[in-house]
Amino acid sequence: MKEKLISFLKQETVLCTALVLAVLSMLFVPPDAEYASYIDFRTLAILFCLMGVMAGLQKTGVFQWVAQALLGRVKKARQLVWILVLLCFFTSMAITNDVALITFVPFTFIVLRLVGDEVRARLLVPVVVLQTIAANLGSMLTPVGNPQNLYLYGRAGLSLGSFILLMLPYTAVSLLLIVIWSTVQTRKYNGPIQVSFDEEIRLSGKSVQLAAYLLLFAADLLAVARVVPCTITLTATIIGLMLIDRSIFARVDYSLLLTFVGFFVFIGNMGRMPAFHDFLQRIVSGHELLTGAAASQLISNVPAALLLSGFTEDLPALLVGVNLGGLGTLIASMASLISYKLVVREESGVKGTYFWHFTLVNIAFLAILLLFAILLA
């Protein structure tokens, strides 16, 4: 029992922190009717829909099928790295950074085993680190790319076009940095290679499921863009998943939804305490970019976005700060922990190497992008 509890606390540290903060805040502001106004039900509904649909699409194998089709044309190591990294960068814009890493990091292990031990030993750590950076940075372009974007997009009342225009300069510079660093990583080894899979992924027999998931994803996007009410999308998604594959409900990350609820309660209660509200507002106001990036290093960017959003009016600056703040420490983005766990499970001997390589490269990317953001501002 004790071991299970410790394991749960390690796996769900952010959730436990959110719930503890919520309970502690209730000691100062006892539960009342106003608690219902704390919860952003629209964000929770859309987030649930996206997680369910993405889990369904992932189960069909469509993402791996696309990756196999692209890698079948690879001739050199540099091309291999570009494809593996840019797959995470571009797909994260639509399928979220978490799903991109869960899908393509294990796939990378398979690919690197096929091209030989020498290439694998040289590229495993650099490629996965770059994939993690690519997923975190690519996802910042769209509201559906990650949870903090979806929340701040709704809270700030931005249009879809204005959101993309806001994040486009940072995404473009990020893409340039990723391509340059990917090229640097393969400068010592860019010999000819060939990737051939023992078993090709086929989508035959899954066309109906795939079409249904894509229709539900289109409905999710319409809800995000406020074209369709989220209640309609939520109802359609629940009915659709029940008809297509009920097991998908078990793949939804309910701990993330509960984390949001915990922070909503905490932030709502703190906002009703004038002394705390004024104190935090003085710290954040006018420094949203740097405060968001700094807070992300300690508590990760999703909780940072939820916590700080209640104490500033400049939500676009906070949006940039928490997205760039996903770089840096290993806990700055929860998606980064996914890659770390997958690498350690695959190759436990590279744990230390991965940690230091990840930290140094992330800090370099963060410093460059923060400087760019300050100059742009």
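Cut-offs used in this document
- Residues numbered from 1 in each chain as written.
- Predicted model: local features only at pLDDT ≥ 70, side-chain atom pairs only at ≥ 80, totals over all residues.
- Heavy atoms only, no water.
- Helix = DSSP H or I, 4+ residues; strand = E, 2+ residues; numbered from the N terminus.
- Rg over C-alpha atoms; globule rule 2.2 N^0.38 Å.
- Contact = heavy atoms within 4.5 Å.
- Areas by Shrake-Rupley, 256 points an atom, 1.4 Å probe, with all protein chains shown as cover.
- Lys, Arg positive; Asp, Glu negative; His and termini not counted.
- Charge placed at Lys NZ, Arg CZ, Asp CG, Glu CD.
- Buried < 20%, exposed > 50% of the residue type's maximum accessible area, 1.4 Å probe, protein only.
- pLDDT = per-residue confidence, 0-100.
- Salt bridge = Lys/Arg side-chain N within 4 Å of Asp/Glu carboxyl O.

A few points about the overall build of the protein
Logical step 1: Within the protein, the secondary structure is distributed over 18 helices and zero strands.
Logical step 2: Over its C-alpha atoms the protein spans a radius of gyration of 21 Å, differing by no more than 12% from the 21 Å that the globule rule assigns to 377 residues.
Logical step 3: In terms of its C-alpha atoms, the protein occupies a principal-axis envelope of roughly 65 × 50 × 50 Å.
Logical step 4: Residue pairs in contact within the protein that sit at least 24 positions apart in sequence constitute 81% of those at least 6 positions apart.
Logical step 5: As displayed, the protein has an accessible area near 17300 Å², and 68% of this comes from carbon and sulfur atoms.
Logical step 6: Taken as two groups, the 25 positive and 20 negative side-chain charges of the protein have centres that lie 7 Å from each other.

Quick notes on the environment of Lys59
Logical step 1: Structurally, Lys59 can be placed in helix H3 (residues 41-60).
Logical step 2: Given a relative accessible area of 38%, Lys59 falls into the partly exposed group.
Logical step 3: Spatially, the C-alpha atoms of Lys59 and Ile283 are 45 Å apart, while their sequence positions differ by 224 residues.
Logical step 4: For Lys59, the residues in contact, after removing those within four places along its chain, are Lys206, Asp245, Ser247, Ile248 and Arg251.

Quick look at helix H15 (residues 301-308)
Logical step 1: Of all the eight residues making up H15, eight are buried; the element is thus mostly covered by neighbouring parts of the structure.
Logical step 2: Considering only its buried residues, H15 is in contact with helix H2 (13-28), helix H8 (147-156), helix H12 (254-271), helix H13 (274-284), helix H14 (288-299) and helix H16 (315-324).

Some remarks on the confidence of the model for the protein
As a note on interpretation, predicted positions should not be read in detail where pLDDT is low.
Logical step 1: For the protein, the mean per-residue pLDDT works out to 90, and 98% of the residues sit at or above 70.
Logical step 2: No element of the protein has a lower mean pLDDT than helix H1 (residues 2-11), at 74, and none a higher one than H16, at 96.

Considerations on the pattern of salt bridges
Logical step 1: If you walk through the whole model with that rule in mind, you get six salt bridges.
Logical step 2: Residue Lys59 pairs with Asp245 through a salt bridge whose shortest N-O separation is 2.7 Å. Linking Lys59 in helix H3 with Asp245 in the loop between helix H11 (230-244) and H12, this pair joins segments that are 186 residues apart in sequence.
Logical step 3: Under the relative-accessibility criterion, Asp245 is labelled buried at 16%.
Logical step 4: The partner of Glu346 in a salt bridge is Arg120, with the nearest N and O atoms 3.1 Å apart. A residue pair is termed long-range when its members are at least 10 positions apart, and Glu346 in helix H17 (residues 334-346) and Arg120 in helix H7 (residues 117-138) qualify at 226 residues.
Logical step 5: Here Glu346 falls in the partly exposed class, since its relative accessible area comes to 27%.
Logical step 6: Because the salt bridges share partners, they merge into one network encompassing Arg113, Arg120, Glu346 and Glu347.

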